[in-house]
Amino acid sequence: MFCYYILVVACIAANSASRLPTAPYDIRVDHYKVDTTKDLIINTARPRFSWKIAMLETERNVLQVAYQLQIKSRNDQWDSKQVMSSHSIHVSYMGFDDLQSATFYQFRLRIWTTQSNQTSPWTNWIHFRTFMFNIHSYILSKNDSLMWIGSNQINMNELRKEFQISNSSPIQSAVVYISGLGYYELYVNGDKVDISRKLDPGWTVYEKRTLLVSFDLSATIKSGMNAVGVRLGNGWYGQEQYTPPVAPEPNYGPPRFIFFLQILFDNGEEMHVYSDSTWIGRQNSILHDSIYNGEFVDSRSDRLNWSRVGFTDLLSLWIPAELMSSPINESLHGQVVMQDMPPIRAGSDALHFEVTSTLIGGYLSANDIGHIQGAMLTDGGILKPIAVWSPTIGVQVFDLAQNMAGWCRFRFYGARGVGVYIRHGEILTPSIATTNRSYGEVYTENLLGATQSDTYVLHGDPAGEIYEPTFTYHGFRYVSIINAPNSMTVDDVECLVVHSETTLKGHFISSNPIINQIQHNIQWSQLNNLMSLPTDCPQREERKGWLGDAALTVNEALYNFDLIKLYINFLHSIVNTQGTDGAVPDTVPFSDGDFPADPNWGTALPTIAWQLYRHYNDVQILSSFYSNIRLYVESVYNAYKSTGLANLFYSYGDWVPPAPQPRANESLTSSFAFMHDISLLINMSQILGYTNDTHNYMELYQQLAEEFHRVFFNSTSHFYADGTQTSQILALALPNVVPSNIRSLVLEHLVSDITQKNNHVATGIIGTAQLYPLLSDNGYHDLALELISSITYPSYGYMSNNPYENATALWEIWNAPFEGPEMNSRNHIMYGSIGAWFYSHLAGIEFTSNTIVIRPRMASESKKHLLRKVDCQLSTLHGLVHVAYTRDEPDLVSNSIRFRLTIPANTQARVIFEPLFSGARCVRLIEGNEVIWPIDPKLLTERHNIENEVETGVMIVYINSGQYEYQVYWE
């Protein structure tokens, strides 16, 4: 009896323990992920916190009911006490006092949920620190001792200083603030600070906003003598990167930096080390560096220990640094500010993961997925060649199997003074027409004015020597080594993937191998074009912040990657370029294109802000940029007053439709962007409560909608403008423009044109972005699936399925192998907009302010072979959303679907099941092993919240958090 009693008590105790809530996880402060941020710095006195709530596989309806947040510094502490609230994202610090500038803090958090009457354990104490809030004013106040330094006389790209710490009190903290233009690397006591951090700081409109970076050196600086060193590169501050007359040439260069080290001691005293004329510098082994044209490095000029205490150099001329002018234009109200976004990194530190490529909890098998060309994102950020060959004497070519952005690390063995020439390219030289043979050499003509090459002179270490570039990057799949002193193998080469640090938050895979390859190409092209701002391409003499590309792909990018900080920084850069009339340029920073921007490029300002709000539910973003967005819309409105919609055209229209198709009516295309932005402005004004703006812009939109139809609609032919696909798509995509009585006629004209072209698109980047959602939402989802599954020209699938070259990233143009080198990138993101449709329509994940909407669009029974299975993971601020379904016959009977779903804790979802064919009605809906439709109406209200839309046949199920499996049958 006693033993039985002990067993019962033990079981009860174990069961109680297992139900204790766990601590919150994936904590964020001011959008920074605690788990992946090396030195967490925030730039606000009122930070906001977000966290996720753990949930067991068997649990449902898990909600937070309260939280408690504690923050402390060395001299202060604050306790929220128990706050009765379900909010777990963007929770503001509500202390009486603001957080102090340049101060170290810790915080911890615990929660209460509906699953237990007990609190969760506390999180560990999490460290963060505040930036120096008044940094620009501080720099100005120290203008007699804190200087920008460099040299106008020599290429001074390596500078150093030693300093003595004689204070006997222990060091409490040592924090450095630094900005080096165009790029810098910081060394302290012989070691590089933050090894994987590269190409720092980010590219901005330097005269308006130069970014400053901070490092915590408390564990590095020591009592006694210390040494600091700074290396400089030209980056985007070098004149070589700007090529008039496409844009005004800025008055930039040569390289310079500003530095100040603040040391606090336990006894309350302070010590400062500033950048001034006491620093000495020289030209190091990097004789020349350029974004476009690579590096020339003579390693014989390397000096070991150059940043260590006691270093002496009898072979180089070290001279005092000169005082340089600040990059900031005070008359333009420019400022030095914190770099408030993750840095560019190389290798494994550049990409983190919140989703997995492992097949868990879905229906897909490896056989369903098929072969995907190219490298995996999970390969660790360092790629090894898969092949090497010698097309001619003295040349070796390495194939990385993936079009990537970054550089390679080489191991050379050779005599001192031997020079090696390294070229990078995306493809191999085309076959010679007369012989139909390709000699396997790297093709570089499409790089235009960029050489994208590096030259390295060996210093002759008998044990071998390693070279990798420092202040440049390349876009390539193939690397050509010319005049290597030794025959190199694949083991002598490894290539580092380089991009702004981010987290993979979306994973989409399916039973359609063509779609899977397109998704692969999109994700790689997106990463390859994240270099502190969203760029167009990583290889040729461009690599600019084209607003059109950014606007078209931001929705896709935010489904795939956690990029809120990068895009907020980019919005600030757009605002920095905005004219007093509200206009913005085509590129930001303005270095190419026109000013004012084409409306489909300028739309980046409202579109990026809106998509950030959608994906992160952060109203602060809308309020921060609303006035600039409104001013921009007014600038286009003022242009419209002179032209009307009929003549509202700027520069590009529906850029690069497939040859030989013409561009659609350009004024209609510009009018679409103008009205699209007014529609977004209406949405924003409603959210922010600006009722006057809402009323005024709704009136304006209605007037424009009527004008659009009147000006562009051909009542005889029943199509818009020139009858092109894009003209119909854009008219139909705008709300309340096409009258309901002719909408079906316009759709039929669009579909007819597509089918007459053997199910092919004739759209450029603007039309393509709107086409697929339009078809899926208007009864032509089968056609959308046929288009995306095509592998004949022109199509996405053709890029990776043709006899000439098999893409592992997106092409700039549909017919890349047939065009010359001009404007022919093989790593371009502007057609990546289709990636958002994979998540929003194929998996069906959409967002409203408070609810997750799951509405996968389904192929008809006769076309279900195009997409039998889907598996999609999306990591949201609340947690993981997982959608998986199968239409496979072995799993089901015809006209049915099996559907698995995970909804994260503290959220609700609306799950919408569309009929599998026209006129279908749901005859049975099973969840788990329970029939939940049809059901007695009395039980329905008590146990399940289900709606049956009789007119459409749609079934809607409202659920809370948890894991679900549904079977739905239609007849």
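Note that the coordinates shown come from a computational prediction; the quantities given were computed from them, not determined experimentally.

Rules used in this analysis
- Residues numbered from 1 in each chain as written.
- Predicted model: local features only at pLDDT ≥ 70, side-chain atom pairs only at ≥ 80, totals over all residues.
- Heavy atoms only, no water.
- Helix = DSSP H or I, 4+ residues; strand = E, 2+ residues; numbered from the N terminus.
- Rg over C-alpha atoms; globule rule 2.2 N^0.38 Å.
- Buried < 20%, exposed > 50% of the residue type's maximum accessible area, 1.4 Å probe, protein only.
- Contact = heavy atoms within 4.5 Å.
- Expected span 1.5 Å × (residues − 1).
- Polar contact = N/O pair within 3.5 Å; in protein donor to acceptor, adjacent residues only side chain to side chain.
- UniProt positions renumbered as here; feature names shortened; annotations may be inferred.
- Axes fitted to C-alpha atoms, helices over the stretch in contact; angles between N-to-C directions.
- Nonpolar A, V, L, I, M, F, W, Y, C, P; charged D, E, K, R; others polar.
- Parallel < 35°, antiparallel > 145°, perpendicular 65-115°, else oblique.
- Left-handed = near helix turned anticlockwise from the far one by under 90°.
- Domains from an automatic or database assignment.
- Buried area = accessible area lost by both parts, 1.4 Å probe.
- Disulfide = S-S within 2.5 Å.
- Salt bridge = Lys/Arg side-chain N within 4 Å of Asp/Glu carboxyl O.
- pLDDT = per-residue confidence, 0-100.
- Pairing = 2+ DSSP bridges.
- Phe/Tyr/Trp six-rings, centres within 6.5 Å; stacked < 30°, edge-to-face > 60°.
- Lys NZ or Arg CZ within 6 Å of the ring centre and 35° of its normal.

Before going further, it helps to spend a moment on the overall build of the protein chain. The number of helices and strands found in the protein chain is 17 helices and 51 strands. Since a compact globule built from 971 residues should have a radius of gyration of about 30 Å, the 30 Å found for the protein chain is in line with a globular shape. For the protein chain, the C-alpha atoms occupy an extent of roughly 95 × 90 × 60 Å along the three principal directions. For the protein chain, with 971 residues in total, the buried portion stands at 60%. Taking the contacts inside the protein chain whose residues are at least 6 apart along the sequence as the reference set, 76% of them involve residues at least 24 apart.

A separate point is helix H4 (residues 513–528). Compared with the 22 Å implied by 1.5 Å per residue over 16 residues, the 22 Å span of H4 between its first and last C-alpha is a close match. Summarising burial for H4: 15 of the 16 residues are buried, a large majority. A side-chain oxygen of the first residue of H4 lies 3.0 Å from the backbone nitrogen of Ile514; this N-cap is Asn512.

Moving on, we get to the UniProt feature "domain: Fibronectin type-III" (unreviewed entry) in the protein chain. According to UniProt, the "domain: Fibronectin type-III" (unreviewed entry) feature falls on residues 23–133. With 0% helix and 41% strand, residues 23–133 has end C-alpha atoms that lie 32 Å from one another.

As a further point, take the environment of Ser715. Assignment of secondary structure puts Ser715 in the loop between strand E41 (713–714) and strand E42 (719–720). A relative accessible area of 54% places Ser715 in the exposed class. A sequence separation of 166 residues divides Ser715 from Asp549, and the C-alpha atoms of the two residues are 34 Å apart.

Let us now look at the packing of helix H14 (residues 765–777) against helix H15 (residues 781–788). Here H14 crosses H15 at 145°, and the two axes come no closer than 6 Å. Residues Leu771, Tyr772, Leu775 and Ser776 of H14 pack against His781, Leu783, Ala784, Leu787 and Ile788 of H15. Of the residues contributing to the contact of H14 with H15, the split by class is seven nonpolar, two polar and no charged.

When two helices pack together, their arrangement is given by the angle between the helix axes and the distance between those axes. Packing of helix H5 (residues 547–560) against helix H6 (residues 564–577) leaves a shortest axis separation of 13 Å and a crossing angle of 160°. Between H5 and H6, the crossing angle belongs to the class labelled roughly antiparallel. Between H5 and H6 lies a crossing whose hand is left-handed. Judged by residue contacts, Leu547, Ala550, Val554, Ala557 and Leu558 of H5 engage Tyr567, Phe570 and Ile574 from H6. Within the contact of H5 with H6, the residues separate by chemical class into eight nonpolar, no polar and no charged.

Domain assignment breaks the protein chain into domain 1 (24–130), domain 2 (134–339), domain 3 (344–499 + 510–629 + 790–842), domain 4 (644–756) and domain 5 (847–970). If you average the C-alpha positions of domain 2 and of domain 3, the two centres end up 29 Å apart. Contact residues are listed per partner, giving 38 residues for domain 2 and 44 residues for domain 3. Carbon and sulfur atoms supply 55% of the area that domain 2 and domain 3 bury against each other, a total of about 3,500 Å² over both sides.

Moving on: the state of the cysteines. A covalent bond bridging the sulfur atoms of two cysteines is what the word disulfide describes. Counted according to the given criterion, the structure contains one disulfide. Disulfide pairing places Cys408 opposite Cys495 at an S-S distance of 2.0 Å. Across the disulfide from Cys408 to Cys495, rotation about the S-S bond amounts to roughly 85°, and the bridge is consequently right-handed. Of the two residues, Cys408 sits in strand E31 (residues 395–412) while Cys495 sits in strand E38 (residues 493–500), which places them 87 residues apart along the sequence. Both residues of the pair, Cys408 and Cys495, belong to the buried class.

Turning our eyes to something else, we now look at the pattern of salt bridges. Side-chain pairs of opposite charge can arise where the charged atoms are in close proximity. Going through the model one piece at a time under the given rule, you end up with 50 salt bridges. Several salt bridges share partner residues, and in doing so they unite Lys38, Asp194, Arg197, Asp200, Arg345, Asp349 and Glu501 into one network.

Quick look at the confidence of the model for the protein chain now. Averaged over the protein chain, the pLDDT score is 93; the fraction of residues at 70 or greater is 96%. Across residues 1–18, confidence stays below pLDDT 50; counting only partners more than four residues off in sequence or on other chains, it has one contact.

In this section: the sheet that holds strand E2 (residues 32–33). The antiparallel open sheet is built from four strands, whose spatial order is E2-E1-E4-E8. Of all strands in the sheet, those bounded by a partner on one side alone are E2 and strand E8 (91–92). Looking at chain direction, strand E1 (residues 25–29) and E2 are connected through two bridges and run antiparallel. Paired with Arg28 across the strands is Lys33, a residue of E2.

For strand E5 (residues 64–73) and strand E9 (residues 104–113), the ladder comprises nine bridges, and the chain directions are antiparallel. Of the residues in E9, the one forming a bridge with Tyr67 is Ile111. In the sheet, E9 pairs with strand E10 (residues 126–130) via four bridges, with the strands oriented antiparallel. Within the sheet, the bridge partner assigned to Gln106 lies in E10 and is His127.

Attention shifts here to unusual backbone geometry. Across the junction of Gly253 and Pro254, the peptide omega takes the value -10°, indicating a cis bond. Within the secondary structure layout, Pro254 lies in the loop between strand E18 (224–233) and strand E19 (256–265). In this structure, the amide linkage connecting Phe595 to the following residue, Pro596, adopts the cis form with an omega of 15°. Looking at the secondary structure, you find Pro596 in the loop between H6 and helix H7 (599–602). The backbone of His90 sits at a positive phi, close to 55°, despite the residue not being glycine. Along the polypeptide, His90 turns up in the loop between strand E7 (83–84) and E8. Its identity is not glycine, yet Asn189 carries a phi of approximately 50°, on the positive side.

Moving on: the sheet that holds strand E12 (residues 158–165). In any sheet, the strands associate via hydrogen bonds between backbone groups, in a parallel or an antiparallel arrangement. Strand order across the open sheet formed by six strands is E15-E14-E18-E12-E21-E24, with antiparallel pairing between neighbours. Both edges of this open sheet fall to strand E15 (191–192) and strand E24 (319–320), since each of them pairs with a single strand only.

Another point: the packing of aromatic side chains. One pass over the full model with this rule turns up 52 aromatic pairs. Relative to Trp318, the ring of Phe311 lies with its centre 5.9 Å away and its plane at 70°, an arrangement referred to as edge-to-face. For Trp318, a relative accessible area of 16% corresponds to the buried category. A network of ring pairs unites the aromatic residues Phe508, Tyr559, Tyr772, Tyr796, Trp814, Tyr831, Trp837, Phe838, Tyr839 and Phe847 as a single cluster. Over the ring of Trp125 we find Lys72; its NZ or CZ atom is 4.2 Å from the centre of that ring. The ring of Tyr473 carries Arg543 above its face, with NZ or CZ at 4.9 Å from the centroid.

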